[in-house]
Amino acid sequence: MTDLVIRPLVAGEENLFDSMPDPLPQLRQVAYADGIAGGGYRPETTWVALRAGRVVGRAAWVLPPGAIGAPWLERFDLDAEPEVGAELLRAAHEALGGPGLYYAALPAHWRRRPEVLAVVRAPMAAARLAGLVERSERLRCSWTGTPLPASPGRYDFRPPVDAAEINTLVARIAEPDVLTGVENALAVGGVDLATDPLAWLGDNFEEWRVAVDAGKPVGLAGTAGDACFPQLAYLGLLDEAARPELLAEAVRVLAAGGAREVIADVDSHRVAVLAELERTGFRQLRSRVVFAPPNSQE
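Keep in mind it's a predicted model, so treat the numbers as computed, not measured.

Peer 1: Teacher, can you tell me more about the packing of aromatic side chains here?
Peer 2: Any pair of aromatic rings gets described here by the distance separating the centres and the angle formed by the planes. Applying the stated rule across the entire model yields five aromatic pairs. Each ring, one from Phe-17 and one from Tyr-32, has its centre 4.1 Å from the other, and the planes form 20°; the classification is stacked. Here Phe-17 is found in helix α1 (residues 14–18), whereas its partner Tyr-32 is found in helix α2 (residues 32–38), with 15 residues between them in sequence. Residue Phe-17 is classed as buried on the basis of its relative accessible area, which comes to 0%. When the ring of Trp-72 is compared with that of Tyr-103, the centres are 6.2 Å apart and the planes differ by 65°; the resulting orientation is edge-to-face. You can see Trp-72 sitting in strand β4 (residues 72–78) and its partner Tyr-103 sitting in strand β5 (residues 102–107), a full 31 residues away along the chain. A residue is classified by how much of its surface remains accessible, and Trp-72, at 5% relative accessible area, is buried.

Written out as structure tokens, the structure reads:
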């Protein structure tokens, strides 16, 4: 690796990042140029590895304007051996004040796709060599107008009475089924979406729904129709049997408001939740594998 040059970009070199062909063009993600224009990506937090003048590794940390957290590694591509990527990450970590979170975006069902595995093995191995530890995986799913299942009518649905009712239900729900954008909520706003969704989503909850059984609340769905895309931001249950009807009702509310696509994020180990999303018409869009420093609480 004697001919290897590793360094951050400087202003005016943004095109150097895009000189490396995108190894996973099927992924829906923010283009680097758009990220620069929006202020989330910056040249000084973008690092490249060059061999004979050609970019063989690139890593871009992102932090949206106004965010209170630390930058996280959003883009990391490697056309070289894992040791090159590890050296790139170590150099950047030293300059940026230490290692942080790395959200590795991957196409849906990536483990079953040899052509994808051939691309992602090297950067993931490099992350491990640089001291990061794989912690979790979250799946992003999308509903795009598939007919919703007919409701058996066991549960009634209504908007929350007020913010206090939402907070009371959230406090009783130990592990929400769906949390969409939980990473951004934490990094940008310092908010734990699982325990304080209103702090991130705001108090406009007319499109939220409470599932009711014999007058007793048994579930809560928090939607966001006016975010960057319509989403099922929060789904939590006190009675798991309410999951199918509440999920369909939340999508129905967003669709009635004009949504043509609804996004939902779920932890990959939540098999029953994922199966219900698929029965409701959701399809996997991508996976996001979380790498973190060994001492991180992530």
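Peer 1: Would you take a moment to explain the packing of helix α3 (residues 82–96) against helix α4 (residues 114–129) for this structure?
Peer 2: Axis separation between α3 and α4 bottoms out at 8 Å; the angle between their running directions is 50°. In terms of orientation, α3 lies oblique with respect to α4. For the pair α3 and α4, the sense of crossing is right-handed. In this structure, α3 contributes Pro-82, Glu-83, Gly-85, Ala-86, Leu-89 and Arg-90 to the contact, and α4 contributes Ala-122, Ala-125, Ala-126, Ala-127 and Leu-129. Classifying every residue of the contact of α3 with α4 gives eight nonpolar, one polar and two charged.

Peer 1: Looking at this structure, I do not really get the side chain of Glu-276. What am I missing?
Peer 2: Take Glu-276: it is sitting in helix α9 (residues 271–280). Residue class for Glu-276 comes out buried when judged on its relative accessible area of 11%.

Peer 1: Where do I start with the pattern of salt bridges in this structure?
Peer 2: Two side chains that carry opposite charge are able to pair once their charged atoms sit near each other. A full pass over the atoms with the stated rule returns 24 salt bridges. In this structure, Glu-175 and Arg-270 form a salt bridge, with 3.5 Å as the shortest nitrogen-oxygen distance. Of this pair, Glu-175 sits in the loop between α5 (163–172) and β8 (178–179) while Arg-270 sits in the loop between β12 (262–267) and α9, and the two are 95 residues apart along the sequence. Here Glu-175 falls in the partly exposed class, since its relative accessible area comes to 46%. Residues Glu-276 and Arg-279 are paired through a salt bridge, measuring 2.8 Å at the closest nitrogen-oxygen approach. Placement of the pair is Glu-276 and Arg-279 together in helix α9, with a separation of three residues, close to one helical turn. Look at Arg-279 and you get exposed, because its relative accessible area is 54%. If you follow the salt bridges from partner to partner, you end up with Glu-74, Arg-138, Glu-183, Asp-267 and Arg-288 in one network.

Peer 1: When you look at the nonpolar core in this model, what are you seeing that I'm missing?
Peer 2: In globular proteins that are soluble, nonpolar side chains generally tend to be buried together. One finds Phe-76, Leu-89, Tyr-102, Trp-110 and Phe-291 to be the most contacted residues of the largest nonpolar core, which totals 33 residues. Mapped by element, the contributors of at least two residues to this core are β2 (41–51), β3 (54–62), β4, α3, β5, α4 and β13 (283–292). By residue number, the principal contributor to this core is α4, which donates seven residues. When near neighbours in sequence (up to four residues on either side) are disregarded, Phe-291 contacts Gly-100, Leu-101, Tyr-102, Ala-104, Met-124, Ala-127, Arg-128, Leu-132, Val-133 and Glu-134. Cys-141, Leu-237, Leu-247 and Leu-277 belong to the second-largest nonpolar core, a separate cluster that totals 25 residues.

Peer 1: Looking at this structure, how should I read α3?
Peer 2: Along an α-helix, a turn takes 3.6 residues, which lines up residues three or four apart on a common side. When the terminal C-alpha atoms of α3 are compared, their 21 Å separation across 15 residues agrees well with the 21 Å that a helix rising 1.5 Å per residue should span. For α3, every residue scored as buried is listed here: Val-84, Gly-85, Ala-86, Leu-88, Leu-89, Ala-92 and His-93. Those residues of α3 that are buried are in contact with β1 (4–8), β2, β3, β4 and α4. Looking at the residues trailing α3, positive phi occurs at Gly-97, about 95°.

Peer 1: What should I look at first to understand the packing of helix α8 (residues 243–256) against α9 in this one?
Peer 2: For any two helices packed against each other, the geometry comes down to the angle between their axes and how far apart the axes lie. One way to put it is that α8 packs onto α9 with a least axis distance of 10 Å and a crossing angle of 50°. Overall, the two elements α8 and α9 adopt an arrangement that is oblique. Judged by the sense of rotation from one axis to the other, the crossing of α8 with α9 is right-handed. Counting all contacts with α8, which are made through Arg-243, Pro-244, Leu-247 and Ala-248, the residues of α9 involved are Ala-272, Val-273, Glu-276, Leu-277 and Thr-280. Considering only residue class, the contact of α8 with α9 consists of six nonpolar, one polar and two charged.

Peer 1: Where do I start with α4 in this structure?
Peer 2: Taking 1.5 Å of rise per residue, 16 residues should cover 22 Å, and α4 covers 22 Å from first to last C-alpha, within 8% of that figure. Val-120 marks the point of greatest bend in α4, at about 40°, and the proline Pro-123 comes within the next four residues. Taken as a whole, α4 has its buried residues at Val-116, Leu-117, Val-120, Ala-122, Pro-123, Met-124, Ala-126 and Ala-127. Buried-residue contacts for α4 involve β4, α3, β5, β6 (133–143) and β13.

Scoring rules and cut-offs
- Residues numbered from 1 in each chain as written.
- Predicted model: local features only at pLDDT ≥ 70, side-chain atom pairs only at ≥ 80, totals over all residues.
- Heavy atoms only, no water.
- Phe/Tyr/Trp six-rings, centres within 6.5 Å; stacked < 30°, edge-to-face > 60°.
- Helix = DSSP H or I, 4+ residues; strand = E, 2+ residues; numbered from the N terminus.
- Buried < 20%, exposed > 50% of the residue type's maximum accessible area, 1.4 Å probe, protein only.
- Axes fitted to C-alpha atoms, helices over the stretch in contact; angles between N-to-C directions.
- Parallel < 35°, antiparallel > 145°, perpendicular 65-115°, else oblique.
- Left-handed = near helix turned anticlockwise from the far one by under 90°.
- Contact = heavy atoms within 4.5 Å.
- Nonpolar A, V, L, I, M, F, W, Y, C, P; charged D, E, K, R; others polar.
- Salt bridge = Lys/Arg side-chain N within 4 Å of Asp/Glu carboxyl O.
- Core = buried A, V, L, I, M, F, W, Y, C linked by side-chain atoms within 4.5 Å.
- Expected span 1.5 Å × (residues − 1).
- Bend = angle between axes of the 7 residues up to and from the residue.

These figures come from the coordinates and say nothing about function on their own.
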